[in-house]
Amino acid sequence: MTSELMDLPQGDVRLLGSEVAGRLLASTELARLAYVAADGTPRVFPMMFHWNGEEIVMATFGGAHKIPALRARPDVALTVDTPGPPPDVLLIRGRAQVTDVAGVVPEYGLIHRRYFGEEQAAATVAEIDRPGLTMARIAVRPTWAGVLDFQTRVPRALAERS
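Every value quoted in this text rests on a predicted model; they were computed, and no experiment measured them.

Undergrad: Honestly, the packing of helix α4 (residues 106-116) against helix α5 (residues 118-128) in this entry has me stumped. Any pointers?
TA: Two numbers describe a pair of packed helices, the interaxial angle and the distance between the axes. At a closest axis distance of 7 Å, the pairing of α4 and α5 adopts a crossing angle of 140°. Crossing handedness for the pair α4 and α5: right-handed. Taken together, the residues of α5 that come into contact with α4 (itself represented by Tyr-108, Gly-109, His-112, Arg-113 and Phe-116) are Glu-118, Gln-120, Ala-121, Thr-124, Val-125 and Ile-128. A breakdown of the residues in the contact of α4 with α5 according to their chemical character gives five nonpolar, four polar and two charged.

Written as structure tokens, this is what we have:
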């Protein structure tokens, strides 16, 4: 990580340009989407994702319970991380924008291609792409970002003990 990025405070979205964030956003690690469900209780849901340079895009099938919950309370948090040691952690906050899509969400194929390869992605998209399919595109534009690599950037409590 360049010293300029190392000096950025947690919360600065320019941290998305760091080496750690770039590696995690291009990885096949799952994003964990935290949101408030319709009954008011918190949820964390693992999801495959696509980073387009401006937003994290996820897809779900029409009728999923998270769709009305995200529309009612669009403030969300995401994490993408590795188990380590030491772990790499990308923390993101933003607002989810949910768009109904007739058919396959455009990024769905890109998501599957990154996670499973070209052949499997094509087979998966072909299997679900049927008349009447509805999906939802969930896009989160980061308004806050944090990076922890437990080497150059550690949580404040740990740094203060050193």
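From this point, the narrative continues.
Undergrad: So what exactly am I meant to see when it comes to the packing of aromatic side chains here?
TA: How two aromatic rings sit relative to each other is given by the distance of their centres and the angle of their planes. Scanning the model with the defined rule gives three aromatic pairs in all. An angle of 80° between the planes, with centres 6.5 Å apart, marks the rings of Phe-49 and Tyr-115 as edge-to-face. Taken together, the residues span a long stretch of sequence, with Phe-49 in the loop between β2 (42-47) and β3 (50-51) and Tyr-115 in helix α4 at a distance of 66 residues. Summarising the aromatic geometry, the rings of Phe-61 and Tyr-108 are spaced 6.2 Å apart at their centres and angled 70° between planes, so their arrangement reads as edge-to-face.

Undergrad: Before we go on, may I ask you to explain the pairing of strand β4 (residues 56-61) in this structure?
TA: The side chains of a regular strand alternate between the sheet's two faces. The buried fraction of β4 amounts to five of the six residues, a majority that puts the element mostly inside the structure. Sheet analysis places β3 next to β4, joined by two bridges and oriented antiparallel. Within β4, the residue paired with His-50 across the bridge is Val-57. Where β3 hands over to β4, the hairpin turn is made up of four residues, of which Gly-53 adopts a positive phi near 95°. Relative to strand β7 (residues 134-148), β4 runs antiparallel, the two being bridged by six bridges. Along β7, the bridge assignment pairs Thr-60 with Ala-136.

Undergrad: Help me out: how do you make sense of α5 in this one?
TA: Since the α-helix advances by 3.6 residues per turn, residues separated by three or four positions end up pointing in the same direction. If you check which residues of α5 are buried, you get Ala-121, Thr-124 and Ile-128. Projected onto a plane normal to the axis of α5, the buried residues spread over an arc of 65° and lie on a single side. Away from its buried face by more than 90 degrees, α5 exposes Glu-119 and Glu-127. Buried residues along α5 sit against β4, α4 and β7.

Each value, and the rule that gives it
- Residues numbered from 1 in each chain as written.
- Predicted model: local features only at pLDDT ≥ 70, side-chain atom pairs only at ≥ 80, totals over all residues.
- Heavy atoms only, no water.
- Axes fitted to C-alpha atoms, helices over the stretch in contact; angles between N-to-C directions.
- Helix = DSSP H or I, 4+ residues; strand = E, 2+ residues; numbered from the N terminus.
- Left-handed = near helix turned anticlockwise from the far one by under 90°.
- Contact = heavy atoms within 4.5 Å.
- Nonpolar A, V, L, I, M, F, W, Y, C, P; charged D, E, K, R; others polar.
- Phe/Tyr/Trp six-rings, centres within 6.5 Å; stacked < 30°, edge-to-face > 60°.
- Buried < 20%, exposed > 50% of the residue type's maximum accessible area, 1.4 Å probe, protein only.
- Pairing = 2+ DSSP bridges.
- Arc of directions from axis to C-beta.

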